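An overview of the molecular structure
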Amino acid sequence: MFLIQENTLVSLELVERFFCCNLGVCHGDCCIEGDAGAPITKEEYKKLKEILPEVWDYLLPSAQREIEENGVGYLDPEGELVTQIVDGRNCVFTCYEEGGLCSCAIEKAFRAGKINWRKPISCYLYPVRIKKMPTVTAVNYDRWKICKSAEVLGRKEGIRLYQFLKEPLTERFGKEWYDELETNCEEYIRQYLQ
């Protein structure tokens, strides 16, 4: 693990693993697989409610009904705030493109210039998950089978996980933090991976 800015423990998998999303193969399954919605903060919960009118038309009818009945989020069995799900699997902000490609209604509205927020940070950072602990924050790779094609493409393109996630990691932790991570990763590659 790397200790970044004395308060963040980063898994070595961020440098050891190659990664580049391959939506043509996985079709965005990370938005529909799993047993709960995406982790969100209280501030993001408020933001989701605020932007709802701008994303509403992108949502599936079943998602619109779910939000009307139960809101945009809920507490999962571990007591974590997450986005609401519909049909037992889809995040309520999931929408589908031609060919069955899953996309995010929030990001779709962002790209269309309707809102100035891309999506919850847990979604932007995925497949990395962040866990706050009493004295540090852990940054770990949430590795599972649906991202196998992303690992294959990342290896082919020579893109490591920390490089693929440069923008969201910088957004979440700041430029100085990312620069320190990058320096540590480059040194680790030089010493151990070449």
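The preceding data block contains the structure.
The sections below set out a description of the structure shown in this document. Residue numbers here run from 1 along each chain, matching the order of that chain's written sequence. Selection of residues for local features in this predicted model requires a pLDDT of at least 70, selection of side-chain atom pairs for listing and counting requires 80 or more, and totals for whole chains, interfaces and linings are taken over all residues. The side-chain values count all of the structure's non-hydrogen atoms but skip hydrogen atoms and water molecules.

This paragraph deals with the environment of Glu 68. Under the DSSP-based scheme used, a helix requires at least four consecutive residues in state H or I and a strand at least two consecutive residues in state E, with every element numbered from the N terminus. Mapped onto the elements, Glu 68 comes out in helix 4 (residues 61-70). As for Glu 68 and Glu 78, which are separated by ten residues in sequence, their C-alpha atoms are 24 Å apart.

The next subject is the nonpolar core. Take the buried Ala, Val, Leu, Ile, Met, Phe, Trp, Tyr and Cys residues and link them wherever side-chain atoms come within 4.5 Å; each set so joined is a nonpolar core. Partly exposed describes any residue whose relative accessible area lies between the buried limit of under 20% and the exposed limit of over 50%, with all areas from a 1.4 Å probe on protein chains only and scaled to the type maximum. Ranked by size, the top nonpolar core spans 27 residues in total, and within it Phe 2, Val 10, Leu 14, Tyr 162, Leu 169, Trp 177 and Leu 181 carry the most contacts. Counting only elements with at least two residues in this core, the list comes to strand 1 (2-4), helix 1 (13-16), helix 6 (121-125), strand 10 (137-141), helix 8 (161-164), helix 9 (166-173) and helix 10 (175-193). By residue number, the principal contributor to this core is helix 10, which donates six residues. Once you skip the residues sitting within four places of it in the chain, Leu 14 turns out to touch Val 128, Val 139, Asn 140, Tyr 141, Arg 160, Leu 161, Tyr 162 and Leu 169. If you look at the next biggest cluster of nonpolar residues, it comprises 22 residues, including Tyr 58, Ile 67, Val 92 and Cys 95. In what follows, residue pairs with any heavy atoms lying within 4.5 Å of each other are defined as contacts.

Another point: the packing of aromatic side chains. Aromatic rings from Phe, Tyr and Trp, with only the six-membered ring used for Trp, were paired whenever their centres fell within 6.5 Å, and each pair was classed as stacked if the ring planes differed by under 30 degrees, edge-to-face if by over 60, and tilted otherwise. With the rule as written, the count across this model stands at five aromatic pairs. Consider the rings of Phe 173 and Trp 177, whose centres lie 4.1 Å apart with planes at 20 degrees: the pair is stacked. In terms of burial, Phe 173 and Trp 177 fall into one category: buried. Consider the rings of Tyr 188 and Tyr 192, whose centres lie 5.0 Å apart with planes at 45 degrees: the pair is tilted. On the criterion of helical spacing, the pair formed by Tyr 188 and Tyr 192 is a turn pair, its members being four residues apart in helix 10.

When you line up the elements, Lys 119 lands in the loop between helix 5 (105-111) and helix 6. Taking the relative accessible area as the measure of exposure, Lys 119 reaches 15% and is therefore buried. In this view, Lys 119 contacts Cys 104, Ile 106, Glu 107 and Tyr 124; residues no more than four positions away in its chain are not counted.

Within helix 4, burial applies to Ser 62, Ala 63, Gln 64, Glu 66 and Ile 67. Buried residues in helix 4 make contact with helix 3 (42-55) and strand 5 (85-86).

By themselves, these are just geometric observations and shouldn't be taken as functional.
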